[in-house]
Amino acid sequence: SITIPDSVTSIGDGVFCGCYSLASIVIPDRVEEIGDFSFAYCDSLTNVVVQSGVMQIVGEHVFEGSVSLDAIYVPVDCLLDYDGGFYGSKIVRYKPIMDISFDVNGGNLTADKLERRFHSFYGSLPIPFRTGFVFEGWFFNGERVSDETVVSATDDHTLVAKWRIIVPNPVV
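As the structure is a computational prediction, the values presented were derived from the model and not from experiment.

1. Details of the overall build of the chain
So, point 1. Counting secondary structure elements, the chain contains zero helices and 15 strands.
So, point 2. At 21 Å, the chain has a C-alpha radius of gyration far larger than the 16 Å of a compact globule built from 172 residues.
So, point 3. Dimensions of the chain, computed from C-alpha atoms along their principal axes, come out at roughly 75 × 30 × 25 Å.
So, point 4. The proportion of buried residues among the 172 residues of the chain is 35%.

2. Observations regarding a nonpolar patch on the surface
So, point 1. A cluster of nonpolar side chains, Y20, F37 and Y41, forms an exposed patch at the surface whose accessible area comes to about 310 Å².
So, point 2. You can see Y20 is positioned in the loop between β2 (10–11) and β3 (24–27).
So, point 3. Owing to a relative accessible area of 53%, Y20 belongs among the exposed residues under this scheme.

3. Let's talk about the sheet that holds strand β10 (residues 91–94)
So, point 1. A sheet is described by the order of its strands in space; here five strands give the open sequence β1-β3-β5-β8-β10, paired in parallel fashion. At either end of the open sheet lies a strand with only one pairing partner, and these are β1 (2–3) and β10.
So, point 2. Sheet analysis places β1 next to β3, joined by two bridges and oriented parallel. Its bridge partner being in β3, T3 is matched across the sheet by V26.

4. Some remarks on empty space enclosed by the protein
Rolled over the atoms, a probe sized like a water molecule indicates the empty space that remains.
So, point 1. Using the criterion set out here, one finds one cavity of 30 Å³ or more in the structure.
So, point 2. Put simply, the largest cavity is a space of about 30 Å³.
So, point 3. As for the largest cavity, its lining consists of Q51, Y94, P96, R117 and F118.
So, point 4. Residues that form the lining of the largest cavity fall into these classes: three nonpolar, one polar and one charged.

5. Describing unusual backbone geometry
So, point 1. For F37, which is not a glycine, the phi torsion comes out positive at approximately 55°.
So, point 2. In this structure, F37 sits in the loop between β4 (33–34) and β5 (47–50).
So, point 3. Here Y41, not a glycine, exhibits a phi torsion of approximately 60°, which is positive.
So, point 4. By the secondary structure assignment, Y41 is in the loop between β4 and β5.

6. Here's the deal with the packing of aromatic side chains
So, point 1. This structure, assessed with the given rule, holds seven aromatic pairs.
So, point 2. Between F39 and F63, the ring centres sit 5.4 Å apart and the planes meet at 10°, which makes this aromatic pair stacked. On the criterion of sequence distance, the pair formed by F39 in the loop between β4 and β5 and F63 in the loop between β7 (57–58) and β8 (71–75) is long-range, its members being 24 residues apart. For the pair F39 and F63, one class covers both residues: buried.
So, point 3. Pairing Y94 with F118 gives two aromatic rings, centres 4.1 Å apart and planes at 20°, and the pair type is stacked. Of this pair, Y94 sits in strand β10 while F118 sits in the loop between β12 (113–117) and β13 (133–140), and the two are 24 residues apart along the sequence.
So, point 4. Owing to a relative accessible area of 3%, Y94 belongs among the buried residues under this scheme.
So, point 5. Lying over the aromatic face of F133, R130 brings its terminal NZ or CZ to 3.8 Å of the ring centre.

Definitions and limits used
Residues numbered from 1 in each chain as written. Predicted model: local features only at pLDDT ≥ 70, side-chain atom pairs only at ≥ 80, totals over all residues. Heavy atoms only, no water. Helix = DSSP H or I, 4+ residues; strand = E, 2+ residues; numbered from the N terminus. Rg over C-alpha atoms; globule rule 2.2 N^0.38 Å. Buried < 20%, exposed > 50% of the residue type's maximum accessible area, 1.4 Å probe, protein only. Patch = residues over 30% accessible without salt bridge, like charges linked within 9 Å, V, L, I, M, F, W, Y side chains within 5 Å. Areas by Shrake-Rupley, 256 points an atom, 1.4 Å probe, with all protein chains shown as cover. Salt bridge = Lys/Arg side-chain N within 4 Å of Asp/Glu carboxyl O. Pairing = 2+ DSSP bridges. 1 Å grid on protein atoms, 1.4 Å probe; cavity = no way out; pocket = protein on both sides within 12 Å on 5 of 7 lines; lining within 4 Å. Points joined across faces, edges and corners; volume = space filled by probe spheres on them. Nonpolar A, V, L, I, M, F, W, Y, C, P; charged D, E, K, R; others polar. Phe/Tyr/Trp six-rings, centres within 6.5 Å; stacked < 30°, edge-to-face > 60°. Lys NZ or Arg CZ within 6 Å of the ring centre and 35° of its normal.

Shown next, in the form of structure tokens:
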């Protein structure tokens, strides 16, 4: 993975072309231009997140030959001028800052929702309480979510509490 510094405003022609081990990249907010063949033939590239709300110029064949690329994630309000520069790649729109609510599933919780950025960590999550049960964690779409889980949902969503009943010890 490569982290492009926030100060970068343009990615030149072919700059990452043929970086076979590049697996993912986040294109920061200030980038307004991506040159021709910038990420072409990056065989391991699977994930691209565009943080910019305005992408003014996208060159030709930017991701050509990047055969492992699943999707390019762009903000819902991103204005793209790209004339096919994404070369048949799947564009997935995401909400940059989303509300995360909680279904406590019979428990109690003081927090009702959090705001998180797409592709950031969930961070500190609240711990609910339910008499007679042990909290086993938060889940989204059947997958456990922890503080270190990266927000991959593309819109507002709800985390669901999972509980395990406390079985009292039998009286002997």
